[in-house]
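# Coordinate inspection notes
For reference, the chains in residue letters:
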Amino acid sequence: MNWLKNWVRPKLRELVGQKEIPENLWHKCPKCEQMIFHRDLAANLRVCPHCGHHMRLTVAERLKMLFDDGAYQTIELPEAVSDPLRFRDSKRYADRLRDARSKNGARDALSVAHGKMGGMNVVVAAFNFDFMGGSMGIAVGEGLLAAARLAVVQDAPLIVVPASGGARMQEGILSLMQMVRTTLAVEDMREAGLPYIVVLTDPTTGGVSASFAMLGDITLAEPGAVIGFAGARVIEQTIRAKLPEGFQRAEYLYDHGMVDMVVNRHELRAALIRIIDLLRNRRPPGELVTLADAEEAATAEAKPARTAAAKAFAAKARANKEKETSAE
């Protein structure tokens, strides 16, 4: 029995009359199943205050959280072929794209933005899981290449935030080819000597995890994020064995050296700023001094003292000699 729907809502209707009561005032945590008021959840960056479960963010929420004062600019991504294979299953791919674009207000699953983070120029490419599961097609491949080129032009780090089920099956082999194209974007960053940072979020799977998502100079992950290639049930059925507890979760990958840090969402922005500052701070921490330089400096410092002592000794010797001469 759903007590919110069957008891609370009727009581509220009695109090406020026939006014429509929004359906999304409360959210249930998928992990601990506690009810959370929508404003409290938004203020807590969609992290459950009861169990710490990290729910998925929209692209707008993600970018606002990362950039200074939530200020950023998105770029228009290159136009890509919408339906290269004229694919159709239970529904035409063109219709699925049209519905996804109407629902999300975006051309595809990837958005690219630039702005300041800790006062430093940064380019961020973030995936929208609500757009066909964040799947990677031609448009996403072109978008990541555009993000890398923008980062090179601005001499800025590139941060990629994947949330994807993998390659987009409606584009067939063309979607798998984006695994290579996105790797080229990573190579562009490395040739320019610029940091390439990946923040793995829930979920990062399939062709995305097998390409650019695991090539970061620094790889971070949000707590509890599912990260892997094939699904856990598929692996179990293939190897006919039970997988370890927490397999393909961010913490398991961290324990096995696959990611560098597991960072709570509230600390993610500060951690990224600290990493970028360390990678981009090209000033030497101090003047490098060789052993010969150190000995020369020590000699130079000691020379005035030795000179003063020698002068004092000579003056004393002259005084003693004058005393001996006068005594004779």
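Let me begin by describing the structure that accompanies this report. What you are looking at is a predicted structure, and each value in this text was computed from that prediction instead of being measured.

On to the packing of helix α3 (residues 59–66) against helix α11 (residues 265–280). Packing of α3 against α11 leaves a shortest axis separation of 9 Å and a crossing angle of 50 degrees. The orientation of α3 relative to α11 falls into the category oblique. Contact residues: Arg62, Met65 and Leu66 in α3; Arg265, Leu268, Arg269 and Leu272 in α11. Looking at the contact of α3 with α11 residue by residue, the classes come out as four nonpolar, no polar and three charged.

A few words on the pairing of strand β4 (residues 110–117). Among the eight residues in β4, seven count as buried, and that is most of the element. The sheet contact formed by strand β3 (residues 72–74) and β4 spans three bridges and is antiparallel. Within the sheet, the bridge partner assigned to tyrosine 72 lies in β4 and is glycine 115. Here β4 runs beside strand β5 (residues 120–127); their pairing, made up of eight bridges, is antiparallel. Looking at the pairing, glycine 115 lines up with valine 122 of β5. What sits between β4 and β5 in their antiparallel hairpin is a turn of two residues, with glycine 118 showing a positive phi close to 65 degrees.

Let's shift gears to the pairing of strand β8 (residues 218–221). Across four bridges, strand β7 (residues 196–200) lies against β8 in parallel orientation. Residue valine 198 lies in a different strand from β8, and its bridge partner there is threonine 219.

So, about the sheet that holds strand β9 (residues 261–262). Spatially, seven strands are ordered β3-β4-β5-β6-β7-β8-β9 in an open sheet, and the strand pairing comes out mixed. With partners counted over all chains shown, the strands left at the sheet margins are β3 and β9, one partner each.

Tracing the backbone through its elements, the reader meets arginine 62 in helix α3. Polar contacts involving the side chain of arginine 62 include one to the side chain of glutamate 222, which spans 2.7 Å. Non-local contacts of arginine 62, meaning those with residues more than four positions away in its chain, are made with Leu57, Val161, Thr201, Glu222, Arg265 and Leu268.

What follows concerns the nonpolar core. Of all hydrophobic cores here, the largest spans 38 residues; its most connected members are Val123, Leu158, Val160, Tyr196 and Phe212. Of all the secondary-structure elements, those providing two or more residues to this core are α4 (93–104), β4, β5, α5 (138–154), β6 (158–161), α7 (178–191), β7 and α10 (250–255). In terms of residue count, the dominant contributor to this core is α5 (seven residues). Those residues in contact with valine 160 that sit more than four places away from it in its chain are Ala125, Phe127, Leu144, Tyr196, Ile197, Val198, Val199 and Phe212. Counting 24 residues, the second largest nonpolar core, distinct from the first, contains Met65, Ala113, Ile197 and Ala271.

On the surface, a nonpolar cluster with roughly 290 Å² of combined accessible area is contributed by Ile173, Leu176 and Met177. Counting through the fold element by element, methionine 177 comes out in the loop between α6 (172–176) and α7.

It is worth spelling out the packing of aromatic side chains at this point. The tally for this structure, following the rule as stated, stands at four aromatic pairs. Their ring planes at 15 degrees and their centres at 5.8 Å tell us that phenylalanine 127 and phenylalanine 212 sit as a pair that is stacked. Highlighted residues: phenylalanine 127 in strand β5 and phenylalanine 212 in the loop between α8 (206–209) and β8, separated in sequence by 85 residues. Classification of phenylalanine 127 as buried rests on a relative accessible area of 4%. On the basis of relative accessible area, phenylalanine 212 is assigned to the buried category, the value being 0%. The side chain of arginine 56 reaches across the aromatic face of phenylalanine 129, ending 4.2 Å from its centre.

The rules behind each value
Residues numbered from 1 in each chain as written. Predicted model: local features only at pLDDT ≥ 70, side-chain atom pairs only at ≥ 80, totals over all residues. Heavy atoms only, no water. Axes fitted to C-alpha atoms, helices over the stretch in contact; angles between N-to-C directions. Helix = DSSP H or I, 4+ residues; strand = E, 2+ residues; numbered from the N terminus. Parallel < 35°, antiparallel > 145°, perpendicular 65-115°, else oblique. Contact = heavy atoms within 4.5 Å. Nonpolar A, V, L, I, M, F, W, Y, C, P; charged D, E, K, R; others polar. Buried < 20%, exposed > 50% of the residue type's maximum accessible area, 1.4 Å probe, protein only. Pairing = 2+ DSSP bridges. Polar contact = N/O pair within 3.5 Å; in protein donor to acceptor, adjacent residues only side chain to side chain. Core = buried A, V, L, I, M, F, W, Y, C linked by side-chain atoms within 4.5 Å. Patch = residues over 30% accessible without salt bridge, like charges linked within 9 Å, V, L, I, M, F, W, Y side chains within 5 Å. Areas by Shrake-Rupley, 256 points an atom, 1.4 Å probe, with all protein chains shown as cover. Salt bridge = Lys/Arg side-chain N within 4 Å of Asp/Glu carboxyl O. Phe/Tyr/Trp six-rings, centres within 6.5 Å; stacked < 30°, edge-to-face > 60°. Lys NZ or Arg CZ within 6 Å of the ring centre and 35° of its normal.

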